[in-house]
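Examination of the molecular architecture
Here is what each chain is made of, one letter per residue.
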Amino acid sequence: MHVPQLRCIYSVMERVEGLPFEIIRNDITRMQVDAIVNAANPSLLGGGGVDGAIHRAAGPQLLEECKGLNGCSTGQAKITKGYRLPAKYVIHTVGPVWTGGGCGEKELLASCYRESLRLAASYGCGTVAFPLISAGAYGYPQDQALKVATETILDYLADHDLYVYLVVFGHGAWLISRKLYANIQAYIDDSYIGPAYEREESRRRRIQALHYMGNAAREDTEARNRRDPDACMPQEYALTEGAFQDAKASAQQPGLEDMLTHMDEGFRGMLLRKIDEKRITDAECYKKANVDRKLFNKIKNQPGYKPGKSTVLALAIALELPEREIREMLAKAGFALTRSDKFDVIVEYFIEHGNYNIFEINEALFSFDQKLLGSVTP
Ligand code: AR6
């Protein structure tokens, strides 16, 4: 099955690699996947919410087929064709009605995801899209519904080859939990210095660059004088750009060769070393990082391949490296974390709080309209 081209909600996000799991914002009836999951009721004869939308989009034949299914129990799933939907199948599952959490709602909800995934796999589906089951009319709190969904799907993906989308609809579902949202918001307010800081930073960098150029020119002249102390450079030549470049090139040549033969360990070397040191397998690392196996193999086997920032960060976080080493790994790949970028501040918040759960970090990034870790290009 080809990887579907989705109209993605993140303006900054582009799909380039197949990845095992994504939370996206879309209308599920538009998903071009092998199967979409319907949050149905026990009659399977249609209703409101996502159920109504799916029946409307699929056409009356879906109801006809549903009539022959004899309903469905809570936590179970049944499958029909997709009819006019872009998806080949519809998997109908019945979520629990939320009555406070004391009536096995969590287990029943997890069962909906597991049973739907099993059914999808048994029908040879490669891609499945779920809505947030029970999180509408059935009243399951959205933050908890999202947590159950994410955990159950990821558990399943640990030993099955499927591509799963969790499709959220309303803006509320993004705001994962009020507590998480409030904590991060406070952190951003404290740490996100914004454009004023950026202006100051670029001024500082410009001054540093000028300072560096001044030093480099002086060192080059000194080096030239050391090699030929009697040589007297004409004033005008010394001041031309050409002279500066010539001096720089000739002063650098022997050192450059030397440096190239004694290069530091790169990002790839550090990544593979850390995987060994942590005594985990490659698969454990890339799965935890929400990084696709093909992408990981590219990094591993093509020394010149340059992964994007979100991939590098995801891998460093999956390895649960201390902050200093995360920064080191990022720098080796040519990136940095700054306090002037909302994405960076959110990721830093989680690292500082010792929370290395990529999916929780992604939920938070998602809530703040940021690109996600491990699933986007730079
Ligand atoms: N695409 C993706 N998600 C959607 C869509 C859509 N087109 N429409 C709604 N949602 P609900 P439940 C989200 O109420 O809580 C029906 O009447 C919605 O925002 O559809 O399991 C059935 O017949 C929410 O987050 O399902 C049952 O009687 C999520 O889908 C009952 O509702 C689920 O909301 C099932 O209730």
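Residues numbered from 1 in each chain as written. Predicted model: local features only at pLDDT ≥ 70, side-chain atom pairs only at ≥ 80, totals over all residues. Heavy atoms only, no water.

**A look at the site of the ligand**
Asn41, Gly48, Val50, Asp51 and Ala137 are the nearest of the 20 residues found near the ligand. In this structure, an oxygen atom belonging to the ligand sits 2.8 Å away from a side-chain N or O atom of Asn41. Calculation on the ligand without its partners gives an accessible area of 700 Å², and the protein chains cover 88% of this total. Within the residue set of the shell around the ligand, elements represented by two or more residues are strand S2 (35–40) and helix H1 (49–58). (Near = heavy atom within 4 Å. Polar contact = N/O pair within 3.5 Å; in protein donor to acceptor, adjacent residues only side chain to side chain. Areas by Shrake-Rupley, 256 points an atom, 1.4 Å probe, with all protein chains shown as cover. Helix = DSSP H or I, 4+ residues; strand = E, 2+ residues; numbered from the N terminus.)

**Things to note about the packing of helix H12 (residues 309–318) against helix H13 (residues 323–332)**
Direction vectors running N to C along H12 and H13 enclose 150°, while the axes themselves pass 10 Å from each other. Judged by the sense of rotation from one axis to the other, the crossing of H12 with H13 is right-handed. Here H12 contributes Lys309, Val312, Leu313, Ala316 and Ile317 to the contact with H13, which in turn contributes Ile326, Met329 and Leu330. Considering only residue class, the contact of H12 with H13 consists of 7 nonpolar, no polar and 1 charged. (Axes fitted to C-alpha atoms, helices over the stretch in contact; angles between N-to-C directions. Left-handed = near helix turned anticlockwise from the far one by under 90°. Contact = heavy atoms within 4.5 Å. Nonpolar A, V, L, I, M, F, W, Y, C, P; charged D, E, K, R; others polar.)

**Some words on helix H15 (residues 358–367)**
Here H15 lies mainly inside the structure; 9 of its 10 residues are buried. Burial in H15 covers these residues: Ile358, Phe359, Ile361, Asn362, Glu363, Ala364, Leu365, Phe366 and Ser367. If you check the start of H15, you find a side-chain oxygen 2.9 Å away from the backbone N of Phe359, and it comes from Asn357. Directly after H15, the chain includes Asp369, whose backbone phi takes a positive value near 60°. (Buried < 20%, exposed > 50% of the residue type's maximum accessible area, 1.4 Å probe, protein only.)

**A word on the pattern of salt bridges**
Going through the model one piece at a time under the given rule, you end up with 16 salt bridges. The partner of Glu277 in a salt bridge is Lys274, and the shortest N-O contact between them spans 3.1 Å. One end of the pair, Glu277, and the other, Lys274, are both in helix H9 (residues 267–277), 3 residues apart, so they sit about a helical turn from each other. Notably, a salt bridge pairs Arg327 with Glu348, separated by 3.0 Å at the nearest N-O pair. Of the two residues, Arg327 is situated in helix H13 and Glu348 in helix H14 (residues 342–352); the sequence distance between them amounts to 21 residues. Residue classification places Glu348 among the buried positions, given a relative accessible area of 3%. Within the structure, one salt-bridge network assembled from shared partners comprises Glu265, Arg273, Lys274, Glu277, Arg324 and Glu325. (Salt bridge = Lys/Arg side-chain N within 4 Å of Asp/Glu carboxyl O.)

**Points about the packing of aromatic side chains**
Scanning the entire structure with this criterion turns up 6 aromatic pairs. Relative to Tyr123, the ring of Tyr89 has its centre 5.3 Å away and its plane inclined at 75°; by these criteria the two rings are edge-to-face. Of this pair, Tyr89 sits in strand S4 (residues 89–94) while Tyr123 sits in the loop between helix H3 (105–122) and strand S5 (127–131), and the two are 34 residues apart along the sequence. Overall, Tyr89 belongs to the buried group, its relative accessible area being 15%. Assessed through its relative accessible area of 42%, Tyr123 is described here as partly exposed. With centroids separated by 5.4 Å and ring planes inclined at 80°, the aromatic side chains of Tyr349 and Phe350 adopt a geometry described as edge-to-face. On the accessibility criterion, Tyr349 (9% relative accessible area) is buried. Over the ring of Phe343 we find Lys371; its NZ or CZ atom is 5.1 Å from the centre of that ring. (Phe/Tyr/Trp six-rings, centres within 6.5 Å; stacked < 30°, edge-to-face > 60°. Lys NZ or Arg CZ within 6 Å of the ring centre and 35° of its normal.)

**Quick word on helix H11 (residues 293–301)**
Turning to H11, its buried residues are Leu295, Phe296 and Ile299. Take H11 and look down its axis: the buried residues cluster within an arc of 100°, on one side only. Structural note: H11 exposes Lys294 and Asn301 on the side pointing more than 90 degrees away from its buried face. Its buried side turned inward, H11 meets H9, helix H10 (282–288) and H12. The N-terminus of H11 is capped by Asp292, whose side-chain oxygen sits 3.3 Å from the backbone nitrogen of Lys294. (Arc of directions from axis to C-beta.)

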